[in-house]
Amino acid sequence: MYHLEAVDKAMEGQSDFQQNSGVLTKIFSTSTAPKILDFFLDHKELDYSIREIAENCDVSIRTIVRELPKLESLGLISANRKIGKTPLYRINHELKAIDLLS
């Protein structure tokens, strides 16, 4: 259950090679996306704030804020609940691709 329309829309304006690449290439177009997915794959049981994700992935909060919507649009990660105004994110356990990546 990939949301490929969102990926294709995000890829507009890139080179022919990148446009014809597979889904994983589109997901991992930056070095941050794999870091985020690795973190969530290692910590499946809980949900995390943007600050916690940034600290554990050793990247800035701004970078996480930029990357999370891409992963959400693909259905890999979702905002699970909120504590106050802070959204907490969790990996999508229902997605078969997550089991394969594990």
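Residues numbered from 1 in each chain as written. Predicted model: local features only at pLDDT ≥ 70, side-chain atom pairs only at ≥ 80, totals over all residues. Heavy atoms only, no water.

Visitor: I'd like a description of the overall build of the protein, backed by residues and values.
Guide: Along the protein, the regular secondary structure elements total seven helices and two strands. Order of helices (α) and strands (β) in the protein, N terminus to C terminus: α-α-α-α-α-α-β-β-α. Here the protein, with 102 residues, has 34% of them falling under the buried criterion. Contacts in the protein between residues far apart in sequence, at least 24 positions, make up 48% of those at least 6 positions apart. (Helix = DSSP H or I, 4+ residues; strand = E, 2+ residues; numbered from the N terminus. Buried < 20%, exposed > 50% of the residue type's maximum accessible area, 1.4 Å probe, protein only. Contact = heavy atoms within 4.5 Å.)

Visitor: Describe the confidence of the model for the protein, naming the residues involved and giving the relevant values.
Guide: Averaged over every residue, the pLDDT of the protein is 79; the share at 70 or more is 73%. No element of the protein has a lower mean pLDDT than helix α2 (residues 16–19), which averages 45, and none a higher one than helix α5 (residues 50–57), which averages 95. Counted against residues more than four places away or in other chains, residues 14–20, with its pLDDT under 50, gives seven contacts. (pLDDT = per-residue confidence, 0-100.)

Visitor: Which residues make up unusual backbone geometry, and what values go with them?
Guide: The phi dihedral of Asp-58 is positive, around 60°, even though this residue is not glycine. With respect to the secondary-structure elements, Asp-58 resides in the loop between α5 and α6 (61–73).

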